[in-house]
Amino acid sequence: MGSVDPDELPGVYHNDATGGEIVLDSDGTFSATDVSTDDSSSPDDFSGQWEYISSDTSSDFIMLDIKDGGLRKVTGVQLYPSGRGTVEFRAPDEPPYLVLTKVKAP
């Protein structure tokens with residue numbers, strides 16, 4: 001993964017193929033629309049708080065703390081920034097399941 005500046009993470013990320021979208025707001029909140037986080041879940045909408053986690057032992061990631069009971073009772077999901085204007089859902093040491101690309105503000 002490339003170098004990531006956490007201050008550049010807020011914005012709208014979209015996947016053209018699936019229509020899924022994640023909005024990372026600068027106030028630390030997020031919303032996801034029509035997003036599947038792995039191959040065993042169907043697309044869903046969820047929201048909550050996000051935080052960038054820098055790790056010395058593994059890949060840096062964005063922790064999505066999902067509110068209101070979570071997604072399928074999961075309250076935290078990891079989203080990995082790639083350093084190329086994209087974020088991705090993936091299992092450790094596996095190719096990404098869903099890649100979302102940052103779109104320019106209108």
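Residues numbered from 1 in each chain as written. Predicted model: local features only at pLDDT ≥ 70, side-chain atom pairs only at ≥ 80, totals over all residues. Heavy atoms only, no water.

Trainee: How would you explain the overall build of the protein chain if you had to name every residue and give the values?
Mentor: Of regular secondary structure, the protein chain possesses zero helices and eight strands. The buried share of the protein chain, reckoned over its 106 residues, is 36%. In the protein chain, of all internal contacts separated by at least 6 residues, the share reaching a separation of at least 24 is 35%. In the structure as shown, the protein chain presents an accessible area of about 6300 Å², 46% of it carried by carbon and sulfur atoms. (Helix = DSSP H or I, 4+ residues; strand = E, 2+ residues; numbered from the N terminus. Buried < 20%, exposed > 50% of the residue type's maximum accessible area, 1.4 Å probe, protein only. Contact = heavy atoms within 4.5 Å. Areas by Shrake-Rupley, 256 points an atom, 1.4 Å probe, with all protein chains shown as cover.)

Trainee: Talk me through the sheet that holds strand β6 (residues 76-81); I want residue IDs and the actual numbers.
Mentor: Overall, antiparallel pairing links the eight strands, which are arranged β1-β2-β3-β4-β5-β6-β7-β8 in a closed barrel. Pairwise comparison of adjacent strand axes, ignoring direction, gives a mean angle of 30 degrees for this sheet. Strand direction decides the pairing type here: strand β4 (residues 44-53) and strand β5 (residues 61-66), joined by six bridges, are antiparallel. Bridged to Tyr-52 within β5 is Ile-62. (Pairing = 2+ DSSP bridges. Axes fitted to C-alpha atoms, helices over the stretch in contact; angles between N-to-C directions.)

Trainee: Can you lay out the layout of surface pockets for me, pointing to particular residues and giving the numbers?
Mentor: What the largest pocket holds in volume is close to 150 Å³. Forming the boundary of the largest pocket are 13 residues, of which Val-4, Glu-8, Leu-9, Gly-83 and Gly-85 lie nearest the centre. Of the residues in the lining of the largest pocket, the class split is five nonpolar, four polar and four charged. (1 Å grid on protein atoms, 1.4 Å probe; cavity = no way out; pocket = protein on both sides within 12 Å on 5 of 7 lines; lining within 4 Å. Points joined across faces, edges and corners; volume = space filled by probe spheres on them. Nonpolar A, V, L, I, M, F, W, Y, C, P; charged D, E, K, R; others polar.)

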